[in-house]
Every structure is written in structure tokens, then in C-alpha cells.
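Spelled out, the chains give:
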Amino acid sequence: MIDLRSDTLTRPTDAMREAMARAEVGDDVYGEDPTVNALEERVADLFGHEAALFTPTGSLANVLAVASLVAPGQEVLCESSAHIARAELGAHGAVSGVTMRTWTHPSGQIDLPAIQAMFAPDMGPFFVPTAAISVENTHNFAGGTVLPLEDLEALRDFAHAAGARIHLDGARLWNAHVATGTPLRAYGAVADVLAVCLSKGLGAPVGSLIVGSKEAVAQARVRRKRLGGGMRQTGILAAAGLHALDHHLERLSDDHANARILAQACGVDPASVATNIVVLPRTDAARFVAAAAAGGVRVSAVGPNSVRLVTHLDVSTADAERAAAVLAAI
């Protein structure tokens, strides 16, 4: 089977497993795991921020990041198909007491006029104030689209002038970096706090990080422990992340090229595919998924009328070409 359901399906390479086995470890709850500390310091520096915190999942990283900006009863604004709104099981409301309003864009982009119209300043004990604006780059359910840096900068300038802050869900920010050549520090500069993932395109088995100020990360460390996310000899996992940064970052361009092979076979303009995700509009999504599986290709329905294909470390160009032939026939 060629599995295109998600880039979370990647398995550690032999070299990554060796790095994990050799990892120097300590107790991370005490802050004494040297490999975790090295990973956190490296990622914070990559984005030009003061600190970072390792988490087991991207959803937890987002919950901690948003909670560092938005108090219970305040709101965060985001695009209507954003991961924090649609794919984290309501955690921001259920766990953090955060409310949420959304704008809609077919490509998951920033709509600054809409955001400006929605924005609610603090008007005392009568209305819910907007404390933060969240953006997702790349945007998962919009098909791995990239948010232009100039749009992110304009949003940051508006938010800061209005007294709000920016959360960047950068689960696949590495893909945006490789696709556009935008420096990671430029992306870091548009966000007060961000979350990045190691277990998608980079191929680590576990892990994300929240990146921000020392104060935000210190608060997140407490909340992580409160939610059961404090781990002990975590260096075994952090070593996989360090290996991924060393060996799997630049190769993301291969995934992007393979996604365009799939897009062309399925009647989608390859030029519209920015990174490693292709979303197919299908009124028969469930039937399409079943037919693909029968042909040896796993894909996923992300709605009754949409099918998603995701390329990753475990899908070679030969795999993409074989999958393309199967999908084209369907």
C-alpha cells in the first residue's frame, strides 16, 4: 500500500533510530535532559525567539501557545477551517476556556479587512475582547497553501497596534520555508508565539514545540505538567527531532514535487499545489477513497465532498508515479 492519508505516517529511518538509541538523557520535568534542552534552544534560535518547549503533540503545543496569549473568557480569531477550530476537538474552549470567532477564505488566507471588522477591543465587562489572532501556515485543509510573508507582517502590525497578539500554527511551517525560501526568523518575527511540528514532514515519530518568550514558555511548562504532558527521559524523542532538522528539512522539496505529480494525474493544476498536500473536490469522496484502497493507495476523505492526498518521507517519486496512475484511472 502507498499511504497518502497524512504526513504523520512517516516511520523513523534507521539513522534516526540510531540517533535516538545514542541520546543522552535526563529528567525533563526537572529540566535536566540535555538532548531536550539542546532541541529547545536550537528551535528557539531558528525562529529568533527566547525559548521553546517540547510537547508530545501538535494539538497540545497549540493549546499551550494560545493559552499563553488568551485568558479564559477572551477570544481568538482564526480562519474557519483552521486546525485549532476544526481538528483539536474543541480543546481551546473545553480546556482553556477560550472563545473563538472565524473568517472564511477558500485558500485559508488572511483576510485583513474581515479581521479588522471582526476585531473586538476591550470595552469593559460587557463584550468578549479579542486577545489574539491565529493563522496557520501552511494551511492544512486549504491544501497546504502558504500565507505570504507580507500578509503576515501586515496582520502583525494591525494586531499589535490594536493591543492583540499573534499565534502562528506552524505545524508545517517547515514546508512553507522550503517552498518559498522565506527565512525561519522572518516567520518567527510575525508571531508572538508559534507551534512547530517534528512528526509530520520532518519524519520524527513524536513531538512538537511551542516557541516564544521566556515568560510564555515558562507558563506553558506549568500548563503542560497540569495537563499530564510532563515527560521524563524525553531525550530519546528529542534526538529524533534534532536528526530530522539535520537531515530531513531540505528534502521537503521532494515531497512538494511528488504532490504536483499526484495533482496533475487527478486533474488539479500542479501550479496550484504549493507544498505537499493536494485536496480533490469529489462529490463521491467515500467511494473514491474505497476505490483507491482497492488499487493499493490509501487516501482520506476530509469531508463528504473532499479527498486529501499528502506526500511525505515514506513516499518516493516512484511511489507517487504509481499512485498517480491508480488515482487517474479512478
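What you see is a predicted model, and the numbers here were worked out from it, not measured in a lab. (Residues numbered from 1 in each chain as written. Predicted model: local features only at pLDDT ≥ 70, side-chain atom pairs only at ≥ 80, totals over all residues. Heavy atoms only, no water.)

J.: Explain the packing of aromatic side chains to me, and be specific about the residues and the numbers.
T.: One pass over the structure, following the stated rule, counts 2 aromatic pairs. Seen from their ring centres, Phe 47 and Trp 174 are 5.5 Å apart, and the 55 degrees between their planes marks the pair as tilted. Residue Phe 47 is found in the loop between helix H2 (34–46) and strand S2 (51–55), and its partner Trp 174 is found in helix H8 (residues 173–180); the two are separated by 127 residues along the sequence. Looking at Phe 47, the relative accessible area reads 1%, which means it is buried. Centroid distance Phe 119 to Phe 158: 5.5 Å. Interplanar angle 80 degrees. Geometry classified as edge-to-face. With a gap of 39 residues between them, Phe 119 in the loop between helix H6 (112–118) and strand S5 (130–136) and Phe 158 in helix H7 (residues 149–162) connect regions that are remote in the sequence. Taking the relative accessible area as the measure of exposure, Phe 158 reaches 18% and is therefore buried. (Phe/Tyr/Trp six-rings, centres within 6.5 Å; stacked < 30°, edge-to-face > 60°. Helix = DSSP H or I, 4+ residues; strand = E, 2+ residues; numbered from the N terminus. Buried < 20%, exposed > 50% of the residue type's maximum accessible area, 1.4 Å probe, protein only.)

J.: I'd like to hear about the layout of surface pockets, residue by residue, with values.
T.: Approximately 160 Å³ is the volume attributed to the largest pocket. In terms of lining residues, the largest pocket is bounded by Val 63, Leu 64, Ala 67, Val 70, Ala 71, Pro 72, Val 95, Ser 96, Arg 223, Arg 226 and Leu 227. At the level of secondary structure, the elements contributing two or more residues to the lining of the largest pocket comprise helix H3 (58–67) and helix H10 (214–226). Considering every element that reaches the lining of the largest pocket, the biggest residue donor is H3, with 3 residues. Here the residues of the lining of the largest pocket sort into 8 nonpolar, 1 polar and 2 charged. (1 Å grid on protein atoms, 1.4 Å probe; cavity = no way out; pocket = protein on both sides within 12 Å on 5 of 7 lines; lining within 4 Å. Points joined across faces, edges and corners; volume = space filled by probe spheres on them. Nonpolar A, V, L, I, M, F, W, Y, C, P; charged D, E, K, R; others polar.)

J.: Summarise the pattern of salt bridges; cite the residues concerned and give the values.
T.: Under the criterion given, the structure shown has 14 salt bridges. Notably, a salt bridge pairs Arg 287 with Asp 284, separated by 2.7 Å at the nearest N-O pair. Each of Asp 3, Arg 5 and Arg 298 takes part in salt bridges that share partners, so that together they form one network. (Salt bridge = Lys/Arg side-chain N within 4 Å of Asp/Glu carboxyl O.)

J.: Go over a nonpolar patch on the surface with me, naming the residues and quoting the values.
T.: Together, Met 123, Phe 126 and Phe 127 make up an exposed nonpolar region whose accessible area comes to about 390 Å². Relative to the helices and strands, Phe 126 resides in the loop between H6 and S5. (Patch = residues over 30% accessible without salt bridge, like charges linked within 9 Å, V, L, I, M, F, W, Y side chains within 5 Å. Areas by Shrake-Rupley, 256 points an atom, 1.4 Å probe, with all protein chains shown as cover.)

J.: Tell me about empty space enclosed by the protein, and name the residues and values.
T.: Evaluated as defined, the whole model comprises 1 cavity of 30 Å³ or more. Quantified by volume, the largest cavity comes out at close to 60 Å³. Every residue lining the largest cavity is counted, 15 residues in all, and those nearest its centre are Glu 79, Ala 82, Ser 134, Val 135 and Glu 136. Contributions of two or more residues to the lining of the largest cavity are made by strand S3 (75–79), helix H4 (83–86) and S5. Of the residues in the lining of the largest cavity, the class split is 7 nonpolar, 5 polar and 3 charged.

J.: Would you mind going over the side chain of Gln 109 in detail, with residue names and values included?
T.: Mapped onto the elements of the fold, Gln 109 is located in the loop between strand S4 (99–103) and H6. Side-chain polar atoms of Gln 109 contact the backbone oxygen of Val 146, separated by 3.2 Å. (Polar contact = N/O pair within 3.5 Å; in protein donor to acceptor, adjacent residues only side chain to side chain.)

J.: Residues and numbers for the packing of helix H1 (residues 14–22) against helix H11 (residues 235–247), please.
T.: The geometry of H1 relative to H11 is characterised by a closest axis approach of 8 Å and an angle of 135 degrees between their N-to-C directions. Judged by the angle between their axes, H1 and H11 are oblique. In this structure, the crossing between H1 and H11 has a hand that is right-handed. Along its contact with H1, which presents Ala 15, Met 16, Ala 19 and Met 20, the element H11 presents Ile 236, Leu 237, Ala 239, Ala 240, His 243 and Ala 244. Its residues assigned to classes, the contact of H1 with H11 shows 9 nonpolar, 1 polar and no charged. (Axes fitted to C-alpha atoms, helices over the stretch in contact; angles between N-to-C directions. Parallel < 35°, antiparallel > 145°, perpendicular 65-115°, else oblique. Left-handed = near helix turned anticlockwise from the far one by under 90°. Contact = heavy atoms within 4.5 Å.)

J.: Explain the sheet that holds strand S9 (residues 277–281) to me, and be specific about the residues and the numbers.
T.: Taking strand neighbours across the sheet as the criterion, the 3 strands line up as S9-S12-S11 in an open arrangement whose pairing is antiparallel. Whereas interior strands pair on both sides, the edge strands pair on one side only; in this sheet they are S9 and strand S11 (300–303). Ignoring which end each strand starts from, the neighbouring axes of this sheet average 35 degrees apart. (Pairing = 2+ DSSP bridges.)

J.: Quick rundown of the environment of Arg 260? Include the residues and the values.
T.: Mapped onto the secondary structure, Arg 260 falls in helix H12 (residues 252–265). Sequence separation between Arg 260 and Ile 236 is 24 residues, and the spatial gap between their C-alpha atoms is 35 Å. In this view, Arg 260 contacts Pro 270, Val 273 and Ala 274; residues no more than four positions away in its chain are not counted.

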